[in-house]
Amino acid sequence: MATIGDNAGSRRLAILAGIVFVAITTIQFVAARFSLREHLTAADIVGLRFLGAAFVFLPVLWMTGTGKLRALGWRKAVPLAILTGLPYPLIINQGLAYAPASHAAALSPASILFFSFLFSRIVFKDKVSGARMVGIVAVIVGLLLFVFHAGAVAGDTLRGDLLFAGSGIMFAVYAVLVRLWSLEAVTTTIAVVLFSCLPLPLLHALAPSGLATASMAEIATQLVIQGFLAGAVAVVLYTYVVRQLGPQQASLFMPCIPVATAVAGMAVLGETLTPFQIIAIASITFGMVFPILRKR
């Protein structure tokens, strides 16, 4: 396995992988918002996400065997799947039915950052530097600006923003459990994907669906974007970036997501940003970048 700072070539490749990760995440938000405004429902997109990811990971599981999955055990796999499996993208996609893609791209990572900080303080007693505290305050300011604007303009937008914040809480709990249990990323992801596929028939039997009215091209596009790219490739790419550059430098790519998604949302979906939203995105981005730029 390559280690941090092995050579310049590995670093350039890791940076390229990080850029592709940001692009995939941006496309994921924008594509989901587009189809939610057309034919597909949140349940449809979630189903396509995990089916696509399963098609990718099942051959990997076939080649590597189930030893690591058995070692993980269902007692750990089930709560992890509840936190970041089927319910997690379902909540985000439901939020996208109410709020713009730029809100999801800003609020979800920001909520993850804030609640990860909070839960780590509670569980692991992690120390907090001055730079980290400044970053957390900036994130909170950005979150409050989003919520204030959404509440003042439209109730549906506020509902979507609260769903995005809730997804951040879920992912933060997941991250704490991964650290607490010292879990391996790829094995954990495979377990989450497989467990999330089990309730898919029940979900589509009970939840509204637009698959019958959507074209095969739209369904296939979402299968590739949500499943193959976001559900599998993005996970592998970010894991590679972390291994090559370290977690702090890897996290520098996260603030690029709100900006890229806001631009893509304006270009593709015709979504506009108010001055409040622009300030909120800038505050959240600053809050994520500043602690990393200031060495702790």
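Residues numbered from 1 in each chain as written. Predicted model: local features only at pLDDT ≥ 70, side-chain atom pairs only at ≥ 80, totals over all residues. Heavy atoms only, no water.

The protein chain is annotated in an unreviewed UniProt entry as DMT family transporter of Shinella lacus. Of the protein chain, the UniProt comment under Subcellular location (unreviewed entry) reads exactly: "Membrane". In its Sequence similarities (unreviewed entry) section, the UniProt record describing the protein chain reads: "Belongs to the EamA transporter family." (UniProt positions renumbered as here; feature names shortened; annotations may be inferred.)

### Structural notes on the side chain of T187
Topologically, T187 is positioned in helix α9 (residues 185–197). Discounting residues that sit within four places of it in the chain, T187 has contacts with K68, L69 and L72. (Helix = DSSP H or I, 4+ residues; strand = E, 2+ residues; numbered from the N terminus. Contact = heavy atoms within 4.5 Å.)

### A short note on the packing of aromatic side chains
Each aromatic ring pair is summarised here by two numbers: the centre-to-centre distance and the angle between the ring planes. Per the counting criterion, the structure on display carries 6 aromatic pairs. Ring centres of F171 and Y174 lie 5.5 Å apart, and the angle between their planes is 50°; this geometry places the pair in the tilted category. Placement of the pair is F171 and Y174 together in helix α8 (residues 155–181), with a separation of 3 residues, close to one helical turn. Residue classification places F171 among the partly exposed positions, given a relative accessible area of 28%. Taking relative accessible area as the criterion, Y174 reaches 13% and is therefore assigned buried. One aromatic cluster is present, formed by Y88, F171 and Y174 through successive ring pairs. Against the face of Y98 rests R159, its NZ or CZ located 4.9 Å from the ring centre. Over the aromatic face of F124 sits the side chain of R179, whose NZ or CZ is 4.0 Å from the ring centroid. (Phe/Tyr/Trp six-rings, centres within 6.5 Å; stacked < 30°, edge-to-face > 60°. Buried < 20%, exposed > 50% of the residue type's maximum accessible area, 1.4 Å probe, protein only. Lys NZ or Arg CZ within 6 Å of the ring centre and 35° of its normal.)

### Brief notes about unusual backbone geometry
Here the phi dihedral of S182 falls at roughly 55°; this positive angle occurs in a residue that is not glycine. Checked against the element boundaries, S182 lands in the loop between α8 and α9. Judged by its relative accessible area of 64%, S182 falls in the exposed class.

### Regarding the environment of L113
Assignment of secondary structure puts L113 in helix α6 (residues 101–124). Along the backbone, L113 and P87 are 26 residues apart, and their C-alpha atoms lie at a distance of 20 Å. Excluding residues that lie within four positions of it along the chain, L113 makes contacts with R132, I136, V139, G287 and M288.

### Focus: the packing of helix α4 (residues 74–84) against helix α5 (residues 87–96)
Between α4 and α5, whose axes approach to 4 Å, the crossing angle comes to 10°. In terms of orientation, α4 and α5 fall into the roughly parallel class. In this structure, α4 contributes A81, I82, L83 and T84 to the contact, and α5 contributes P87, Y88 and P89. Looking at side-chain class alone, the contact of α4 with α5 contains 6 nonpolar, 1 polar and no charged residues. (Axes fitted to C-alpha atoms, helices over the stretch in contact; angles between N-to-C directions. Parallel < 35°, antiparallel > 145°, perpendicular 65-115°, else oblique. Nonpolar A, V, L, I, M, F, W, Y, C, P; charged D, E, K, R; others polar.)

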